[in-house]
Amino acid sequence: MSREKKARPKRLSKNTKHFLQPLALVFISAVFILLVLVTSVMDLKRSDRTLIGFMQNRGFDIIANIQRSAQSNYTILFQLPGNMHSAEPVSPFAEESFLPQERLTQELVGLGQYIDRAWPPNQFGREDAVRLAQEEHLQFIAIINRHSQISLQTGPVPRAILRQAAPVIEGQKDITIELFDKRGEVGRTGFIAIRKSAGVGTIIIALDQSGFQFWGQRVAIQRAIESTGWGKDILYLTVMNREGQLLDYAGYIDDAWKAEALNDLKRRTDTTENTYRKLTYQGRDVLEVIGPIKIGDQIIGTVRVGLDRVHADQLLSEYRTSMVISMAAIMIVGVMSIWLLFQNQNRHLKKIGEMNKRLQRSERLSSLGQLAAGVAHEIRNPLNAISMASQRMQREYLPLLEEERREPFKQLTGVVRDEIRRLNAIIEEFLTFSKTDRLELRDYPIEEVLQKIANLVEEEALARGVLIRRDWNSTRSIVAMDMDKLQQAFLNFIKNGIESISGQGEVSIGVHHTEDHAVLVRITDTGMGLKPDEIERIFNPEYTTKEQGLGLGLSIAHEIIRAHGGDIRVQSERGVGSTFEVRLPLKSI
């Protein structure tokens, strides 16, 4: 018993059907897809930050250019005595300073023309003039009628200014400009006097130092914005002072935007740092870059640059599309790889399962063989003695019996002899079972073996109404074989096919060569066929579909074929028939 335990092979666990269970496969696939999605989302966010950073830097560069240009224009415009410490002379209205000073003059003249158009009292009264003077940082606005009398004034009008504006008031000139002194510098108080378009009065606009500063900043910023290179991606550019006044702008802005920008300015407590924000303006996605603007050392306001995000969004959309395609391809490849791994491991496990079945079958066969070898010697001698005793009893005592008792006695002794023969046949099966792996090989044509078997069973088959067909050519298929054992194996297959046919039918025996230097013996019958579960069990020594016998015939045949280095395939359909394909390696062709 201990020897039997040592020889017993290890078996695979019946519960181990897959290396990767389906739920584990789904979990691995889900984790893989999740990792790809997270990586893709992170890449998209990183790309969005990169594009936003690029646009942000572009907006900051525009703000820096406006800052430099406005500072230069303001310096040129205001050549204040307090700043005149250089030994270099300043040329009044030099080429570089003429344009800013001219722009300041044009702006004030334009304001005077606006007042001229709005002057009728029912459209432009004193309250309107006071509000305009406050908004535009004017010292005063005065309107002189045709009689040289002041019709409207927002503040005291100095006599010195009236004397200087006398040529315009008296109709001798159309305009008088007293903003700059002979060196081109701004005085403490400056003014312009413009004769009204109908020639029936004069408009005087005066600026003090704070007014000059406000208008100088406006002019400097206007010129800075004009000198800024515009691109298709810039939707608007605005400069707003600390009081919420719009100094200048480019592009289209509506009242709603102005109100929102003013509220944002009130909320902002720190205007010294550059920042940005995303917003939707007129149905378009905009990146608004916000930064301070300085004149001298003083922050005078805030610059806002609205950059159109359409190109950045197009790039992101294209990148997102390529990312989705790549992600889908990666996921498909990953899932396919996992699926192939799953299929491959199951295929290997199936082979391992088959090997396990073979090991189990070999273990059972080995046990039966050992049992047969031990039992055969113990049973054969008593059986021979019983057989000889029954023959002697029949020979010696049959003549002594009365006539009417002879026949029953003869039948009884015949039964004993038949049962002894049956027991001997069973012992022979066990003995054969224990010796299937002990082969005496020699080269022999497989066709001759099959021919002998066909000749042997043909008479019995015809008696049962079964036709034996032969299908092979004159080519000799030489196989290294133990002829007796291989003949026994094929005889079992052929007899099994004959016995499976009830009524008329046929058994076909064919020989074919394969491309891998092997011979394929195909035995096909038109019998009752087998069920799928029966196909898996027909080679088990404990399984039989016959009412008599131990069912060792096919098991012995299977072991003999395996001992010859061959294998067997079974195809069967219930009610149609069965085919046994035996593949054996060729010695030579």
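Parameters at a glance
- Residues numbered from 1 in each chain as written.
- Predicted model: local features only at pLDDT ≥ 70, side-chain atom pairs only at ≥ 80, totals over all residues.
- Heavy atoms only, no water.
- Helix = DSSP H or I, 4+ residues; strand = E, 2+ residues; numbered from the N terminus.
- Buried < 20%, exposed > 50% of the residue type's maximum accessible area, 1.4 Å probe, protein only.
- Contact = heavy atoms within 4.5 Å.
- Areas by Shrake-Rupley, 256 points an atom, 1.4 Å probe, with all protein chains shown as cover.
- Axes fitted to C-alpha atoms, helices over the stretch in contact; angles between N-to-C directions.
- Parallel < 35°, antiparallel > 145°, perpendicular 65-115°, else oblique.
- Left-handed = near helix turned anticlockwise from the far one by under 90°.
- Nonpolar A, V, L, I, M, F, W, Y, C, P; charged D, E, K, R; others polar.
- Pairing = 2+ DSSP bridges.
- Phe/Tyr/Trp six-rings, centres within 6.5 Å; stacked < 30°, edge-to-face > 60°.
- Lys NZ or Arg CZ within 6 Å of the ring centre and 35° of its normal.
- Polar contact = N/O pair within 3.5 Å; in protein donor to acceptor, adjacent residues only side chain to side chain.
- pLDDT = per-residue confidence, 0-100.
- Salt bridge = Lys/Arg side-chain N within 4 Å of Asp/Glu carboxyl O.

1. With respect to the overall build of the protein
Within the protein, the secondary structure is distributed over 14 helices and 17 strands. Looking at the protein as a whole, 41% of its 589 residues are labelled buried. Excluding contacts between residues fewer than 6 apart, the proportion of contacts in the protein whose partners are at least 24 apart in sequence is 68%. Carbon and sulfur atoms provide 53% of the accessible area of the protein, an area that totals close to 34,100 Å².

2. Focus on the packing of helix α11 (residues 446-463) against helix α12 (residues 483-499)
Packed helix pairs are specified by the crossing angle of their axes together with the interaxial distance, meaning the distance between the axes. Direction vectors running N to C along α11 and α12 enclose 40 degrees, while the axes themselves pass 10 Å from each other. Considering their axes alone, α11 and α12 lie oblique with respect to each other. For the pair α11 and α12, the sense of crossing is right-handed. Between α11 and α12, the residues in contact are I446, V449, L450, K452, I453, L456, V457 and A461 and M483, L486, Q487, F490, L491, I494, K495 and I498, respectively. Grouping the constituent residues of the contact of α11 with α12 by class yields 13 nonpolar, one polar and two charged.

3. Re the sheet that holds strand β6 (residues 234-241)
Ordered in space as β7-β6-β10-β9-β8, the five strands form an open sheet in which the pairing is antiparallel. The sheet terminates laterally at β7 (246-251) and β8 (275-281), the two strands that pair on one side only. Each neighbouring strand pair of the sheet contributes to a mean axis angle of 20 degrees, computed without reference to strand direction. Helix α7 (residues 209-227) contacts β6, β7, β9 (284-295) and β10 (298-308) of the sheet and is inclined by roughly 15 degrees relative to β7.

4. Focus: the packing of aromatic side chains
Evaluated as defined, the whole model comprises four aromatic pairs. Ring centres of F214 and W215 lie 6.2 Å apart, and the angle between their planes is 85 degrees; this geometry places the pair in the edge-to-face category. Each of the two residues, F214 as well as W215, counts as buried. Of the aromatic side chains, those joined through ring pairs into one cluster are F490, F493 and F580. One Lys or Arg, R218, reaches over the ring of W215 and ends 4.8 Å from the middle of that ring.

5. A look at the side chain of Q222
Mapped onto the elements of the fold, Q222 is located in helix α7. With a relative accessible area of 9%, Q222 lands in the buried category. Reaching out from Q222, the side chain makes a polar contact with the side chain of R103 at a distance of 3.4 Å. With residues up to four places along the chain from it excluded, the contact list for Q222 reads R103, E107, L247 and D248.

6. With respect to the confidence of the model for the protein
In the predicted model, the protein carries a mean pLDDT of 79, and 81% of its residues have values of at least 70. For the protein, helix α1 (residues 2-7) is the element with the lowest average pLDDT, namely 39, and strand β15 (residues 518-525) is the one with the highest, namely 93. Note that residues 1-18 has pLDDT below 50 and, in this model, 18 contacts with residues that lie over four places away or in other chains. Here residues 80-97 is modelled with pLDDT under 50, and outside its nearest four sequence neighbours on either side it reaches 19 contacts, counting other chains as well.

7. Observations regarding the environment of D484
When you line up the elements, D484 lands in helix α12. Given the relative accessible area of 58%, D484 is considered exposed. For the pair D484 and L439, spaced 45 residues apart in sequence, the C-alpha to C-alpha distance is 9.5 Å.

8. Observations concerning the pattern of salt bridges
The final tally for this structure, using the stated rule, is 19 salt bridges. Note that R58 is salt-bridged to D233, the shortest N-O span being 2.9 Å. With R58 in helix α2 (residues 22-77) and D233 in the loop between α7 and β6, this pair connects stretches of sequence that are 175 residues apart. Relative accessible area serves as the criterion here: at 18%, D233 is assigned to the buried category. A salt bridge links R583 to D516, with the nearest nitrogen and oxygen atoms 2.2 Å apart. Of this pair, R583 sits in strand β17 (residues 577-585) while D516 sits in the loop between β14 (505-514) and β15; the two residues are 67 residues apart in sequence, bridging distant segments of the chain.

9. Some words on the packing of α12 against helix α14 (residues 553-563)
At a closest axis distance of 9 Å, the pairing of α12 and α14 adopts a crossing angle of 140 degrees. In terms of axis orientation, α12 runs oblique to α14. Considering only the axes of α12 and α14, their crossing is left-handed. Here K485, L486, Q488, A489, N492, F493 and N496 of α12 lie close against α14, whose contacting residues are G553, L554, I556, A557, I560 and I561. Broken down by class, the residue content of the contact of α12 with α14 amounts to eight nonpolar, four polar and one charged.

10. Re the pairing of strand β5 (residues 201-207)
For β5, a buried count of seven out of seven residues is recorded, marking the element as mostly surrounded by other parts of the structure. Sheet topology places strand β1 (residues 140-145) next to β5; six bridges connect them, and they run antiparallel. Note that in β5 the partner of I143 across the bridge is I203.

11. Examining the environment of R464
If you trace the backbone, R464 turns up in the loop between α11 and β12 (466-471). Sequence separation between R464 and I501 is 37 residues, and the spatial gap between their C-alpha atoms is 8.7 Å. R464 has contacts with I498, E499, I501 and G503, leaving out every residue within four places of it along the chain.

12. Concerning the sheet that holds β14
As a general point, the strands of a sheet are linked pairwise by backbone hydrogen bonds and lie either parallel or antiparallel. Reading across from one edge, β12-β14-β15-β17-β16 is the order of the five strands in this open sheet, with mixed pairing throughout. Looking along the sheet, the strands with just one partner apiece sit at the ends: β12 and β16 (567-573). Direction aside, neighbouring strands of the sheet carry axes that sit 15 degrees apart on average. When β16 meets β17, the two strands line up antiparallel, connected through seven bridges. Paired with R569 across the two strands is E581, which belongs to β17. On the sheet, α11 packs against β12, β14, β15 and β17 and is oriented at approximately 165 degrees with respect to β12.

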